[in-house]
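# Coordinate analysis (summary)
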Amino acid sequence: MYDFSQQTALVTGAATGLGKAIATRLAADGAAVALVDIDEAGLEATTRDLAATGAKVLAVTANVGSADDVEAAVKAAEANLGPVGLLVNNAGIAVIKPYLDHTDEDFDRQFTVNLRGTHLFLSRVLPGMVERRRGAVVNISSVAAIHVTAPHAGYAASKAGVIALTQEVAFEVARHGVRVNCVAPGLIAVPPSATKQPYLQSAAGTAGRVTTPTTTRPLGFGQPEDVANAVAFLLSDQARFIIGQTLKVAGGTDLQISMTYPGEPLP
Ligand SMILES: NC(=O)c1ccc[n+]([C@@H]2O[C@H](COP(=O)([O-])OP(=O)(O)OC[C@H]3O[C@@H](n4cnc5c(N)ncnc54)[C@H](O)[C@@H]3O)[C@@H](O)[C@H]2O)c1
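Summarised in this report is the structure supplied together with it. (Residues numbered from 1 in each chain as written. Predicted model: local features only at pLDDT ≥ 70, side-chain atom pairs only at ≥ 80, totals over all residues. Heavy atoms only, no water.)

This next bit is on the sheet that holds strand 4 (residues 84-89). Spatial ordering of the open sheet is given by 3-2-1-4-5-6-7, a layout of seven strands whose pairing is parallel. Each edge of the open sheet is held by one strand with a lone partner, namely strand 3 (57-61) and strand 7 (246-249). Across the sheet, the axes of successive neighbouring strands diverge by a mean angle of 20°, strand direction being ignored. Summarising the sheet, strand 1 (residues 8-12) and strand 2 (residues 32-37) pair through five bridges and their orientation is parallel. The partner of Thr 12 across the bridge, within strand 2, is Val 36. The strands touched by helix 1 (residues 17-28) are strand 1, strand 2, strand 4, strand 5 (135-140) and strand 6 (178-185); relative to strand 1, the strand with the most contacts, the crossing angle is about 170°. Helix 5 (residues 153-173) contacts strand 5, strand 6 and strand 7 of the sheet and is inclined by roughly 160° relative to strand 6. (Pairing = 2+ DSSP bridges. Helix = DSSP H or I, 4+ residues; strand = E, 2+ residues; numbered from the N terminus. Axes fitted to C-alpha atoms, helices over the stretch in contact; angles between N-to-C directions. Contact = heavy atoms within 4.5 Å.)

In helix packing, the relevant descriptors are the interaxial angle and the interaxial distance, both defined with respect to the helix axes. Two numbers describe how helix 4 (residues 104-132) lies on helix 5: the axes approach to 8 Å, and their chain directions differ by 15°. It follows that helix 4 is roughly parallel to helix 5 by the angle criterion. Seen from above, helix 4 lies across helix 5 with right-handed handedness. Every residue of helix 5 that contacts helix 4 at Phe 107, Gln 110, Phe 111, Asn 114, Leu 115, Thr 118, His 119, Leu 122, Leu 126 and Val 130 is listed here: Gly 154, Tyr 155, Ala 157, Ser 158, Lys 159, Gly 161, Val 162, Leu 165, Val 169 and Val 173. (Parallel < 35°, antiparallel > 145°, perpendicular 65-115°, else oblique. Left-handed = near helix turned anticlockwise from the far one by under 90°.)

Here we take up the pairing of strand 2. Here is the key point about a regular strand: its side chains alternate between the two faces of the sheet. Burial analysis of strand 2 places six of its six residues in the buried class, which makes it a mostly covered element. Alternating residues of strand 2 divide into Ala 32, Ala 34 and Val 36 and Val 33, Leu 35 and Asp 37, and every residue in both groups is buried. Between strand 1 and its parallel partner strand 2, the chain crosses via helix 1, and the hand of that crossover is right-handed. Judged from the five bridges that link them, strand 2 and strand 3 form a sheet pairing that is parallel. Along strand 3, the bridge assignment pairs Val 33 with Val 57. Taken together, strand 2, helix 2 (residues 40-52) and strand 3 constitute a β-α-β crossover, and its handedness is right-handed. (Buried < 20%, exposed > 50% of the residue type's maximum accessible area, 1.4 Å probe, protein only. Right-handed = clockwise from strand over helix to strand, strands pointing away.)

Next up, the structure:
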């Protein structure tokens, strides 16, 4: 546990999945948390759950790809909870299909949410952090930015952009007392009821598969809390000398190049 009391956090994509786990963790560590999501009903339910634990929370409905929405969200968070000192850019979407079937619209949609959304919040929140000479940011990328995992080239490219943006911005603002880092999760076992990603609903949602080690997953599937723990660390003062890094939270799934198993023949 870290001490985030007296601090305001803003978490995007907080209605469900990893964002909900991150918001829950930051609230448990004492932060007042603005939960931002496009899913108004999901957001209300999550905010109610967190408020019931005594956490100071605020639901803000916004599309992270819209500059107007992002500006209004930051304004609402700061008016109700105080200046944002902790920012987590977590909202994301993935289109799972071969690149040759990708449409321009698929490509643009993923870049708008995953990369432009991260840029919009960074650019609207960082000036205040710089002025106050205090702040920490974690952007959520994916191991898909670094390794081929599923057929989702547009997603992977947008998440690689998040890593590059993190490095550049981190280097620029560090001298002003603000740290920016990145977390790249592997496949995390978000409960099927708690994710909108169809591939997660079928692949990782089965309870029995969650912790069972396999030949490619020495630690089984990760849990949302594993990502939340990494985010909390990078936001905390314990990470004061860490900037511009991408921490993979992937349980070793990123370490292996299989020599033993030939795989199936191509169709
Ligand atoms: N779950 C995994 O295995 C995994 C692995 C690697 C990376 N990630 C990344 O972690 C993040 C969270 O993933 P998840 O599995 O919890 O996904 P999820 O689909 O369960 O949750 C994403 C949340 O973002 C919100 N969102 C989507 N578009 C939005 C928009 N335009 N504006 C505001 N909110 C929007 C959704 O409503 C949803 O609540 C994403 O960036 C994802 O790419 C997830």
